[in-house]
Amino acid sequence: MDFGFRQRDPECQLLTLFGAAVSAHEDAYYILEESLKSSYPAIQLVALGALARFQNDRADQAMVRALGSSTLEVRYEAANQLCKKKHPLAVSQAESLMYKTSTAYMSLYPPLFAMVGDAHSTRILRKLLNQPSSDVRLAVILSVAKYQRDDLLPQIRQQASQLQFALQEACAYTFGVLKDEESLPKLEKFTQS
């Protein structure tokens, strides 16, 4: 495996990386860590996916280091994997990354915060529901439904009064997923509009 990893051909490195990930052997672990330093984002992304399957501090630290990548996709994927693990640094790192990226990409972040579900991520979701961008608010509403975040139902009920059909549909969907009986009058009103 070491021979394949030392090759300059990215395809050979990628195949070696897959082999190291499948073997999950400690002797091949350095390949996963070193692959995060590759100049090819595809290799870094595969390494992150493989490291995410490990349940140890060494893998978590490697993913935290990947947050320093020069590529947005790699940094986002590292934040995503850390959020899935509910790592203590996940929310603050995802929030920091969100504010460093263009507002056009802000709607990618609500699922990260919704899956963690701690007090900090809940505050961020509430703040995102007040964003001027309807795409961001839509992403928050759908994330609330996906991750069964009924603690945010009062804010979703407020969003249901928006005039945009996409937001109303997302709110109606979320009320149904969360079985929110308190929103039945709003749902009946939607059917008449």
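Remember, predicted model here, so these are calculated numbers, not experimental data. (Residues numbered from 1 in each chain as written. Predicted model: local features only at pLDDT ≥ 70, side-chain atom pairs only at ≥ 80, totals over all residues. Heavy atoms only, no water.)

Colleague: Just to check I follow, could you spell out the overall build of the protein for this structure?
Modeller: Looking only at helices and strands, one finds 13 helices and 0 strands in the protein. Of the regular secondary structure in the protein, the N- to C-terminal order runs α-α-α-α-α-α-α-α-α-α-α-α-α. Projecting the C-alpha coordinates of the protein onto the three principal axes gives extents of approximately 65 × 30 × 25 Å. Looking at the protein as a whole, 46% of its 193 residues qualify as buried. Long-range contacts, defined here as pairs at least 24 residues apart, represent 56% of the contacts in the protein between residues at least 6 apart. For the protein, the accessible surface area stands at approximately 10,600 Å², while carbon and sulfur atoms represent 53% of it. Across the protein, 21 positive and 21 negative side-chain charges occur, with their mean positions spaced 5 Å apart. (Helix = DSSP H or I, 4+ residues; strand = E, 2+ residues; numbered from the N terminus. Buried < 20%, exposed > 50% of the residue type's maximum accessible area, 1.4 Å probe, protein only. Contact = heavy atoms within 4.5 Å. Areas by Shrake-Rupley, 256 points an atom, 1.4 Å probe, with all protein chains shown as cover. Lys, Arg positive; Asp, Glu negative; His and termini not counted. Charge placed at Lys NZ, Arg CZ, Asp CG, Glu CD.)

Colleague: Explain the pattern of salt bridges here, please?
Modeller: A side chain of one charge can pair with a side chain of the opposite charge when the charged atoms of the two come close. Across all of its chains, the model carries 7 salt bridges by this definition. Between Glu-33 and Arg-65 there is a salt bridge; the shortest N-O distance is 3.7 Å. Highlighted residues: Glu-33 in helix α3 (residues 29–35) and Arg-65 in helix α5 (residues 57–66), separated in sequence by 32 residues. Residue Glu-33 is classed as buried on the basis of its relative accessible area, which comes to 17%. Assessed through its relative accessible area of 53%, Arg-65 is described here as exposed. One salt-bridge network, held together by shared partners, links Glu-33, Arg-58 and Arg-65. (Salt bridge = Lys/Arg side-chain N within 4 Å of Asp/Glu carboxyl O.)

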